[in-house]
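Architecture and fold: a report
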Amino acid sequence: MFSSLQDRLGSILNGLTGRGALSEADVSAALREVRRALLEADVALEVVRSFTDRVKEKAVGAEILKSIKPGQMVVKIVHDELVATLGTEGVSIDLNAPAPVTVMMVGLQGSGKTTTTGKIAKRFTERQKKRVLMASLDTRRPAAQEQLRVLGEQTGVATLPIIPGQGPVEIAVRASQAARLGGYDILILDTAGRTHIDEPLMAEMAEIKARSTPHEILLVADSLTGQDAVNLARSFDGRVGITGIVLTRVDGDGRGGAALSMRAVTGKPIKLLGTGEKMDALEEFHPSRVADRILG
Ligand code: GDP
């Protein structure tokens with residue numbers, strides 16, 4: 001097991017109790033440990049750099065108080081900066097648009113798009129009594145459309161009837177029509193992923209967006225994504241333009257540095273967390289909890 005950041009900083013800094021303020025040399029030694037902790041938590045390197053620069057600015061010259069050990073003081077500065085970077089809590093999916101409000105789910109294959117589509121649809125149906133239609137635009141993976149249909153049956157949410165042979169854009173257009181004509185409040189489009197980011201995937205997402213004018217575009221990403229998180233978030237946001245992030249597999253062993261990486265490079269809010277395979281395993285995002293976990 002790694003020792004906690006608090007312990008590590010304590011051994012570096014606590015001897016300073018009773019001195020005036022943290023010097024640049026004190027802070028630099030502490031920041032090496034902070035950097036290590038962030039990299040162990042899978043925060044992307046470029047994000048670690050800019051983050052530690054900001055912590056340095058706040059910590060150098062900070063007065064050493066009698067009431068709190070210097071190590072704890074720096075941990076608090078790091079924690080507060082993590083929370084500030086991770087962003088506001090409780091940013092929910094925005095439904096403030098004419099019905100049907102279209103939500104487009106994007107992300108790599110296996111990231112949890114279909115599962116999250118079902119979870120969100122179930123939540124809106126049960127908690128807000130919304131009429132939700134789900135449509136799978138994944139014509140690449142043979143069983144994907146069927147997977148969503150089964151989820152719809154389990155959760156009591158309507159799914160767009162499957163018409164074999166249609167392409168993703170055609171299905172998106174049909175889904176928008178069906179949602180309008182059927183008087184649905186919300187349409188969730190579950191798009192196809194790929195094993196990695198490539199141009200055909202981005203082109204397909206851009207075309208679906210152009211044809212279905214979604215109000216929300218949510219990037220679904222595995223919280224165990226390591227250094228790739230930056231590239232993933234930047235590609236989807238740069239090319240398609242996302243409005244928020246859903247992190248899945250938060251129930252896993254990872255420390256969730258991807259949350260910080262993706263938020264830092266896109267500035268887009270983390271809206272929800274997937275915490276299991278079950279349809280109710282969906283939670284609000286609390287930056288302070290994620291910060292605690294990153295610090296270990
Ligand atoms: P998609 O290819 O992006 O649509 O991914 P799926 O929704 O099919 O999910 C891939 C696998 O991850 C499935 O076995 C899901 O049950 C599982 N999964 C999705 N979200 C979570 C989560 O939050 N926690 C856990 N433990 N498993 C998840």
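Further up the page is the structure itself.
Given the structure is predicted, the values throughout are model-derived calculations rather than measurements. (Residues numbered from 1 in each chain as written. Predicted model: local features only at pLDDT ≥ 70, side-chain atom pairs only at ≥ 80, totals over all residues. Heavy atoms only, no water.)

Focus on the overall build of the chain
Summing up its helical and strand segments, the chain has 11 helices and 8 strands in all. Principal-axis analysis of the C-alpha atoms gives the chain an extent of 75 × 40 × 35 Å. By the burial criterion, 53% of the 296 residues in the chain qualify as buried. Counted over contacts in the chain with a minimum sequence separation of 6, partners at least 24 positions apart contribute 78%. Counting only carbon and sulfur atoms, one obtains 50% of the accessible surface of the chain, whose full area is about 13,300 Å². Here the chain carries 38 positive and 36 negative side-chain charges, and the mean point of each set is 2 Å from the other. (Helix = DSSP H or I, 4+ residues; strand = E, 2+ residues; numbered from the N terminus. Buried < 20%, exposed > 50% of the residue type's maximum accessible area, 1.4 Å probe, protein only. Contact = heavy atoms within 4.5 Å. Areas by Shrake-Rupley, 256 points an atom, 1.4 Å probe, with all protein chains shown as cover. Lys, Arg positive; Asp, Glu negative; His and termini not counted. Charge placed at Lys NZ, Arg CZ, Asp CG, Glu CD.)

Describing the site of the ligand
Near the ligand you find 18 residues, and of these Gly110, Thr114, Thr115, Arg249 and Asp251 are the closest. Gly110 has a polar backbone atom sitting 2.7 Å from an oxygen atom of the ligand. Considered on its own, the ligand offers 590 Å² of accessible surface; in the complex 82% of this is hidden by protein. A per-element tally of the shell around the ligand places helix α5 (residues 113–128) first, with 4 residues. Here the shell around the ligand is composed, by residue class, of 1 nonpolar, 11 polar and 6 charged. (Near = heavy atom within 4 Å. Polar contact = N/O pair within 3.5 Å; in protein donor to acceptor, adjacent residues only side chain to side chain. Nonpolar A, V, L, I, M, F, W, Y, C, P; charged D, E, K, R; others polar.)

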